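A structural walkthrough
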Amino acid sequence: MSMLTPFFALAALAVVGPILIHLVRRKPKETLEFSSLMFLDDSPPTWTQQSRIEQWLLLVLRSSVIALLALAFTRPYWASAAKLTGGNDIGLKRIVLLDQSASMRRSGIWDAASARVSDVLADGNPADVVAVYSFDRQLHPQLSLSTAAETTIANRKSAAEAAFRKISPGWGKGDLGKAINECVDLLQRERSDVDSGTIGDCEIVVISDFVAGTPVEALSETEWPARMSLRLERVSPTQIGNAHFEMRAEEESENARKWRVRVTNEPGSLRERFRLTWLGENGNRIEPIALECTVPAGQSMVYPLQAPDTAIRGMELTGDDCVFDNRRFAVPASGRTLRVLCLEESDGSPETTLCHFLERVPLGSAEDTVEVLRVKSGEEWGMSAMPRDTWIVCAAAISEREADRMHDFMKSGGHVLWVLDQPLKEAVGIEEAVGIKEIVGIEEISGIEEISGGEERGLSTTNATKPRSSETGSSHVAFSQDIASRFEKLSECKLESLKESTVDQYSLLGGIDFKHPVFAPLVDSKFNDFSKVRYWRHRMLKLSEVDGWVIPAWFDSGTPAFLQRRVGDGELTILTAGWQPAESQFALSSKFVPIISQLFSLATTRETISTDWVAGTYDLLPEGTSVKRRDFSGSRGEEVERSDNRFVNASTERDGGDFWTASPGVVELIDSEGASREVAINMASSESRTALMDYEEVSRYGASVREKPKTKEEQVHAERLLMATELESRQSLWWWLLVIVVVIAGCESLLCIRKQGRTAEAVTA
Amino acid sequence: MTDSRIPSSWVDMGTLMAIQDLQWRAKTVVDGLNTGMHRSPLHGFSVEFSEYRPFSEGDDPRSIDWKLFARSDRYYIKKFEDETNRRCYLVVDQSKSMEYRSIAYSKLDYARTLAATLAYHLIQQRDAVGMVTFDSEIADVQTARFRTGQLKRLLSLLERTPSGDRTDLRGPLCQVAELVRQRSLMIVISDFLVSTEELRVPLGYLAARKHEVVLLRVLDPNEIEFNAARPVMIRDMESGGEKFVDPRSVADSYRRKFNEHESSLRGVVEPLGIAYHVMRTDSPLDASLVEFLGNRDRTAAVRSGNPSRSSKNETNTTMETASP
């Protein structure tokens, strides 16, 4: 018989307890009166002699209960049935995960990493399946698990070494947590593909410098699986200290620009004096030195600087140990002015208009200025000169002519948000309408001219002609036929029916597709509660065909609340209820700003290009834009990467619109119309934080961290242990032992009761 | 405690203790003593004429010898030896420790019987007998007198229920020494389970007042031998204190200490000329009495230099010895 947890056998020593209890003379219960205690010594309970143990049967029963309990806790099993393998046949799945983020560029660190990779490959069992992956912001397979598994055992090590030789440190930001998560997923997937009877343990070996800037928070998304260990192998550079800086334009004056520079000296750095020099247009240093500063280790200092008269493209820091992050690039900001055209009636109180709320949404950014233009219906708003970076938001009541213009705008790539913010009313017949016109004595009535083919806008009516809502008393009423015809004009789609909702109190959004880009930012459980957004009324719209439509949100009645459709190169978005308080609580809710901002950014994204990119990421470029890299090195001592249009295509790994910002520097973007602009690409500043990360941070998220590799003996032992566990769980001898313990304990109790009964009888007698 | 000199008992102690009436019990013992001897131990003890003296004011007119008045027309008082000298005080310990028993009757039963027997016997001899009972302090005092009903009074004192949370011999004996100014025979009946040092002073007082003191130590056989079958919690009958006692480990120590105490007690009484005798409750009362009287007689003969005197009249001699 073998034991899974033999240490518990020590508990059998507790048998001494009952023996001692049997040996010790208990304090008698009976009391004898005596004339005087003056000749009596106090004699505490003493051990009796062995021959005086009176209750042998009880002692045996009690001792056996303890011994069997201890035996049960040792988890015994019959080992004869076990067929243990030597362990050589089952290798573990190991992923060597190599950090290729920018911080790995520090001097000596890559050599250390390659030496460590060799050690890791040499340590393992030849039967191990070793895959090689590298990571910065993303995981890059160099030798995938499936490929490694297909390789013969003899070639596995050489294949892994070859895969490692292909890797070189990049400029990207490392995301350790995400990379480990993906590796865990890969191993899990591999496990589920393979028969679980023969699969061994899994191990992820991370070779990295583990700097403080490496994020590991993503590990919280994964529950660490059993039998998977994480080994962290830290590689250190030859020099530890590092200083880095960030620069930001403060304000622009006529001749020079004012900048603010934050210089940070990492903890443990031995140097404290640094110099900052401006970089000229071609990457050359501009004398004299811009700043000479002293920053103690572990501290940051902010300095205001004035740029020289000549054109600058960045700054260089000298005086620290690590040069990989000593250059940062900056280009003069080219601020754009984006426009939001709000087309609606503006009479009545401001709170009843869409624009009133739209103007209060902070749509601008550091690079872009956003201007909200309020255009009354019927006013001329320069449609022909409308630039494509304009977003049109219009109320329900639009004229046919405006609908035509907006349709053309969308055809050319513009985005339009059409808000059906007025209650509908079934239109009367033409004759009836004419009759009404005669009766009320007005010339224009909404809808009548459209129906009769009038060219001018018909919805611009006076207050006297507006049917009033019984609820609000101030809303316009749109005729459903008008809306239907505008709908068809704008969306190039037929409408089956359109009518006003019949809501007793309010309706809510019954469903939201949080995968849709508009709602995606609100997917977190902290933000996805829309139950506070109540709609007092809305329009019930039924499409004749749903092809081409995207409906990311709908009311609890099932009718769409939010519709989108591509029209030409542009996009039409329709809200079937307004956001004014008369219509709903949408504008007053916390969801309004993020949703409108998201709609706006989606509408203008194709043109939004930051002037400051982070190296090692994909940035979306407008179609037709070509990229030209400036002719100077990204970092001192690096190869100059010549840039031309081919560079873009060659580096593109995904869509044609993505640009791989491989290394820091300044690139020139030339759009299809020939206009050029410059963009600075810098390394993520987190990579410069080279203070060491504590391993605890990784293990805190539940990862099973090991610091030393498993030896062959350990692997064999682990396999044996696994087998033993399996055998023990199948045999479950402990359960039978517990049953026996219960039986013996019962017998002991019965015996005790019987003896007590006898004693009582004897006393009575 | 068995001794070949101890006469065989005339009375079964179990039967004797079964007699409820203390006087009857005493009478049984004394009668037994009388029956078993060729000569009564009380015989020859008579009222002997001592002298005449003229009547003076304040004398009891009952003691006037009227016959002599008839003859001489003068008032004379007739004085006898016994009236002037014979006094006996029975000092009986009635503390709770005396209630201990390991046989059918307790030490107190035994002590009562002993005191009653002595009182009966002495009154039969026309001695003035008094009694002092005590526990932690003096409970009752009956002055020594020879008159009708004295025995009943004495016996009634013996019926008292024992009390007191300790035995204090020093206080009561000192008080007795102060109370009894005339020379008397002091028979102290107790278990003397107190520190011997406590006894030294009061016994010294008594001896200094020329009393003849006799200590009769009544002990239960288990108090002497201390036999217990198994470990037991022992509670002091007086103080209520408890001790866990394993007889296997403490019996020897108990006996040693008891013997030391016994020797120490003898060491206290012998220099003072005080008679001391241990009376086991399991030995017959009459036999113990005879043995004690025999010892006393031998001791007195040695003192007086006439050993042959003891063989003539043991008890009488003893009691005479008791007279100063």
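A count of helices and strands for chain A gives 16 helices and 34 strands. Of all 765 residues assigned to chain A, the portion counted as buried reaches 37%. Taking contacts inside chain A between residues at least 6 apart in sequence as the whole, the part at least 24 apart equals 75%.

Quick look at the overall build of chain B now. Each helix and strand counted, chain B has twelve helices and ten strands in total. Residues counted as buried form 41% of the 324 residues belonging to chain B.

Here we come to the interface of chain A and chain B. Facing the 19 residues of chain A at the interface are 25 residues of chain B. Tallied by class, the residues present in the side of chain A that touches chain B amount to eight nonpolar, five polar and six charged. In terms of strand pairing, strand β2 (residues 31–34) of chain A meets strand β8 (residues 232–236) of chain B through four bridges, oriented parallel. Within the sheet, the bridge partner assigned to T31 of chain A lies in β8 of chain B and is M233 of chain B.

This part is about unusual backbone geometry. For E492 of chain A, which is not glycine, the phi torsion reads 60° and is therefore positive. Tracing the chain through its elements places E492 of chain A in the loop between α11 (480–491) and β22 (495–500). Since 15 C-beta atoms lie within 10 Å of it, E492 of chain A is described here as partly exposed. Of note in this structure, D73 of chain B is not a glycine but carries a positive phi near 55°. Take D73 of chain B: it is sitting in the loop between α3 (66–72) and β2 (76–80).

What follows deals with the pairing of strand β12 (residues 285–294) of chain A. Residues and elements named next belong to chain A. Relative to β12, strand β11 (residues 273–280) is paired through six bridges, and the arrangement is antiparallel. Following the sheet pairing, R275 is matched in β12 by E292. In this structure, the hairpin formed by β11 and β12 is closed by a connection of four residues, where G283 is found at a positive phi of approximately 90°.

What follows is about the environment of D368 of chain A. All names here are of chain A. When you line up the elements, D368 lands in strand β17 (residues 368–375). Using a count of 17 C-beta atoms within 10 Å as the deciding quantity, one classes D368 as partly exposed. Along the chain, D368 and T337 lie 31 residues apart, while their C-alpha atoms are 5.7 Å from each other.

It is worth spelling out the environment of I19 of chain B at this point. Residue and element names in this part refer to chain B. Here I19 is to be found in the loop between α1 (13–18) and α2 (22–36). Overall, the presence of 15 C-beta atoms within 10 Å leaves I19 in the partly exposed class. What I19 contacts, discounting residues up to four positions off in sequence, is W24, R25 and T28.

All names here are of chain B. Taken in spatial order, the six strands of this open sheet run β5-β4-β3-β6-β7-β10, and their pairing is mixed. Of all the strands in the sheet, the pair left with one neighbour each is β5 (138–145) and β10 (275–280). In this sheet, adjacent strand axes meet at a mean angle of 15° when their direction is disregarded. Where strand β3 (residues 87–93) meets strand β4 (residues 128–134), seven bridges bridge the pair, whose relative direction is parallel. Counterpart to C88 in the pairing with β4 is V129.

A few words now on the nonpolar core. In this structure, L90, A119, I187 and I189 of chain B are the most contacted members of the largest nonpolar core, which totals 70 residues. Discounting residues that sit within four places of it in the chain, A119 of chain B has contacts with A26, L90, V129, L151 and L154 of chain B. Of all hydrophobic cores here, the second largest spans 57 residues; its members include I398, F519, A553 and F555 of chain A.

Residue and element names in this part refer to chain A. Residues with a pLDDT of 70 or more make up 75% of chain A, whose mean pLDDT is 76. Segment residues 428–475 is flagged for pLDDT under 50; beyond a separation of four residues in sequence, or across chains, it makes 69 contacts in the model. Contacts from residues 631–658, a stretch scored under 50 in pLDDT, to residues over four places away or in other chains number 43 contacts.

Moving on: helix α7 (residues 170–179) of chain B. In an α-helix, one turn spans 3.6 residues; hence positions three or four apart end up facing the same way. Residue and element names in this part refer to chain B. Listed as buried for α7 are P172, L173, V176 and A177. The arc that holds the buried residues of α7, viewed along the axis, is 140°, so those residues lie on one side. Looking at the buried side of α7, the elements it contacts are β3, β4, β5, β6 (185–190) and α8 (196–208).

On to α11 of chain A, then. Taking 1.5 Å per residue as the helical rise, α11 of chain A with its twelve residues ought to reach 16 Å, and the 16 Å between its terminal C-alpha atoms agrees with that figure. Following α11 of chain A by one or two positions, E492 of chain A has its phi on the positive side, about 60°.

A few words now on the sheet that holds strand β34 (residues 705–706) of chain A. Residues and elements named next belong to chain A. Strands sit in the order β6-β5-β4-β7-β8-β34 across an open sheet of six strands; the sheet is mixed. The sheet terminates laterally at β6 (139–143) and β34, the two strands that pair on one side only. Bridge count for strand β4 (residues 93–99) against strand β5 (residues 129–135) is seven bridges, and the pairing is parallel. Counted as the bridge partner of V96 is V132 from β5.

As a further point, take the packing of helix α1 (residues 16–23) of chain A against helix α2 (residues 56–73) of chain A. A pair of packed helices is captured by two measures, namely the crossing angle of their axes and the spacing between those axes. Residues and elements named next belong to chain A. Running from N to C, α1 and α2 cross one another at 155°; their axes reach a closest spacing of 8 Å. Relative to α2, α1 is oriented roughly antiparallel. The hand of the α1/α2 crossing is right-handed. Contacts between α1 and α2 involve P18, I19 and H22 from the first element and L59, R62, S63 and I66 from the second.

Our next topic: the packing of helix α5 (residues 107–124) of chain B against helix α6 (residues 150–158) of chain B. Residues and elements named next belong to chain B. Put simply, α5 and α6 touch, their axes get as near as 10 Å, and they point 170° apart. It follows that α5 is roughly antiparallel to α6 by the angle criterion. On α6, the residues that touch R112, A115, A116, A119, Y120 and I123 of α5 are Q150, L151, L154, L155 and L158. By residue class, the composition of the contact of α5 with α6 is nine nonpolar, one polar and one charged.

About the criteria used
Residues numbered from 1 in each chain as written. Chains lettered and ligands numbered in written order. Predicted model: local features only at pLDDT ≥ 70, side-chain atom pairs only at ≥ 80, totals over all residues. Helix = DSSP H or I, 4+ residues; strand = E, 2+ residues; numbered from the N terminus. Buried ≥ 20, exposed ≤ 12 C-beta atoms within 10 Å, placed from the backbone. Contact = placed C-beta atoms within 7 Å. Nonpolar A, V, L, I, M, F, W, Y, C, P; charged D, E, K, R; others polar. Pairing = 2+ DSSP bridges. Axes fitted to C-alpha atoms, helices over the stretch in contact; angles between N-to-C directions. Core = buried A, V, L, I, M, F, W, Y, C linked by C-beta atoms within 7 Å. pLDDT = per-residue confidence, 0-100. Arc of directions from axis to C-beta. Expected span 1.5 Å × (residues − 1). Parallel < 35°, antiparallel > 145°, perpendicular 65-115°, else oblique. Left-handed = near helix turned anticlockwise from the far one by under 90°.

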